[in-house]
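Here's the letter readout for the chains.
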Amino acid sequence: MTPPPTPSPSSGSQSPQHAVQVVDGASAGTGAHVRSLTEGLVARGLRVTVCAPPGAEAVYGFRGAGAHFAPLPAASEPEAAAVLRRLCADADLVHAHGVRAGLLALTTLALSGRARRVPLVVTWHHRGLATGARARLRRLMERRVARSASVVLAVTTDLVDRARRRGARDARLAPVVLPGPGGEEAPTTPRAAVEGRGQHKSRAEVGAVGRPLILSVGRLDERHGYATALRAARAWRHLDPQPLLAVAGEGPQRGELQRRIDDEALPVRLLGRREDAFELLAGADVALLSSHWESRPLLAQEALHQGVPLVATEVGGVPELVGEAAELVPYGDAGALAAAVGRLLADPSRRERLVAEGWARAAEWPTEESTVAHVLSVYDELTSPGRA
């Protein structure tokens, strides 16, 4: 049951509580979460300022959610800190999203002499995958942010554990939810979901007429594991009809992946960046997530909401998110990935069961309302007059 709205922290002639949200390089999930959180906080009487890269406003519409939006300069950290210092001059609380944003907020508060007076909440949305010297630098950043934050909110249990290992005084699990199902309206029954995919209009556009469509959405980089997906696609060449793997996304591995697709004649199409990426799910037989690590991936959430069977790597927060409502395989195991997809394509009844389980699982996820209420309870705890 959705909890009732939390009363506004401001009353009478008091100025509304000012919460500054700091976002450094918002990913799709982080940006959508901050937009949803902003709308909920404003509805409860808070004044919200969102500091994010200049292009983030056009994508997420923070002003439309009721916030004051301030672009963070990308030229240099000192310049960004100067802008943030001005914006935080009357902040009652600063909430940073991500370790880099947390470090920027921490530095800004320290330079302004307000570090002890203004609580800092940091949400850890992702885990760094750097190696060598960059990994050591990342650990130092995480340690400083974890030890200095008033509260670390982490979106998965492994990130909670990581924050505690880095010295966090107070680390809590705070899952980030997708702001409602996107794309087209989901079918009414599992059978309709499975049987209706073959006739969807999007299949002709991506070249999947008369053949199964496997859809993946993600940046073309090492973290998303598309090299493994391409190895799995070799096995699909022998299926009849031969399925097509379509990947919506752009990134630094585009050239390398396309060369492999061409050289090996793989049944894979790179679609590039697509604003309608999740709408394409309505025509997919299977959604594919091959990542090295994920927290609460949008693709998985959209797939379960829309009734699309999901095959995903068993990493990060994915098992917590999907439970038994997806086929989970080890990361980097192309054979297991290929076999899981092949079994689903050959078994409509199994796909129907996953659709039903996915809808049931999605109904258990926290709502936007409860997510905002939880964050606001943390704010109230940290800004109450009697806090230590």
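Described below are features of the structure shown in this document. (Residues numbered from 1 in each chain as written. Predicted model: local features only at pLDDT ≥ 70, side-chain atom pairs only at ≥ 80, totals over all residues. Heavy atoms only, no water.)

### Side note on the sheet that holds strand β12 (residues 310-313)
Here is step 1: Strands sit in the order β10-β9-β8-β11-β12-β13 across an open sheet of 6 strands; the sheet is parallel. For this open sheet the edge positions go to β10 (268-272) and β13 (327-329), each flanked by a neighbour on one side alone. The sheet shows a mean angle of 20° between the axes of neighbouring strands, taken without regard to direction.
Here is step 2: For strand β8 (residues 213-217) and strand β9 (residues 244-248), the ladder comprises 5 bridges, and the chain directions are parallel. Each residue of the ladder has a partner; that of Ser 216, found in β9, is Val 247.
Here is step 3: Strands in contact with helix α13 (residues 334-346) are β8, β11 (286-289), β12 and β13; relative to β13, the strand with the most contacts, it is inclined by about 165°. (Pairing = 2+ DSSP bridges. Helix = DSSP H or I, 4+ residues; strand = E, 2+ residues; numbered from the N terminus. Axes fitted to C-alpha atoms, helices over the stretch in contact; angles between N-to-C directions. Contact = heavy atoms within 4.5 Å.)

### A look at the pairing of strand β6 (residues 151-154)
Here is step 1: Of the two faces of β6, both are covered, the one formed by Val 151 and Leu 153 as well as the one formed by Val 152 and Ala 154.
Here is step 2: Pairing of strand β5 (residues 120-124) with β6, which is carried by 4 bridges, proceeds in the parallel orientation. Across the sheet, the residue bridging to Val 121 is Val 151, located in β6.
Here is step 3: Examined bridge by bridge, β6 and strand β7 (residues 171-173) share 3 bridges and lie parallel to one another. Following the sheet pairing, Val 152 is matched in β7 by Ala 171.
Here is step 4: In terms of handedness, the path from β6 via helix α6 (residues 157-165) over to β7 forms a crossover that is right-handed. (Buried < 20%, exposed > 50% of the residue type's maximum accessible area, 1.4 Å probe, protein only. Right-handed = clockwise from strand over helix to strand, strands pointing away.)

### Focus on the packing of aromatic side chains
Aromatic ring pairs are reported here in terms of the distance separating the ring centres and the angle at which the planes meet.
Here is step 1: Taken as a whole, this structure holds 2 aromatic pairs when the rule is applied.
Here is step 2: A centroid spacing of 5.8 Å and a plane angle of 35° characterise the contact between Tyr 60 and Phe 62, whose relative ring orientation is tilted. In terms of burial, Tyr 60 and Phe 62 fall into one category: buried.
Here is step 3: Taken together, a centroid distance of 6.0 Å and an interplanar angle of 15° make the contact between Phe 62 and Phe 69 stacked. Pair check on accessibility: Phe 62 and Phe 69 agree, each one buried. (Phe/Tyr/Trp six-rings, centres within 6.5 Å; stacked < 30°, edge-to-face > 60°.)

### As for the sheet that holds strand β4 (residues 93-97)
Here is step 1: Sheet architecture is open: 7 strands sit in the order β3-β2-β1-β4-β5-β6-β7, paired in parallel fashion. Each edge of the open sheet is held by one strand with a lone partner, namely β3 (68-71) and β7. On average, adjacent strands in this sheet sit at an angle of 20° to one another, irrespective of strand direction.
Here is step 2: Summarising the sheet, strand β1 (residues 18-23) and β4 pair through 5 bridges and their orientation is parallel. Across the sheet, the residue bridging to Gln 21 is His 95, located in β4.
Here is step 3: Of the strands in this sheet, β1, β4, β5, β6 and β7 are in contact with helix α15 (residues 368-383), which crosses β4 at around 140°.

### Some points on the packing of helix α3 (residues 77-87) against helix α4 (residues 99-112)
Two quantities define a packed helix pair, namely the angle between the axes and the distance from one axis to the other.
Here is step 1: Relative to each other, α3 and α4 sit at 65°, their axes nearing to 9 Å. Between α3 and α4 lies a crossing of right-handed hand. Contacts between α3 and α4 involve Glu 77, Ala 80, Ala 81, Leu 84 and Arg 85 from the first element and Leu 104, Ala 105, Thr 108, Leu 111 and Ser 112 from the second.
Here is step 2: Tallied by class, residues from the contact of α3 with α4 come to 6 nonpolar, 2 polar and 2 charged. (Left-handed = near helix turned anticlockwise from the far one by under 90°. Nonpolar A, V, L, I, M, F, W, Y, C, P; charged D, E, K, R; others polar.)

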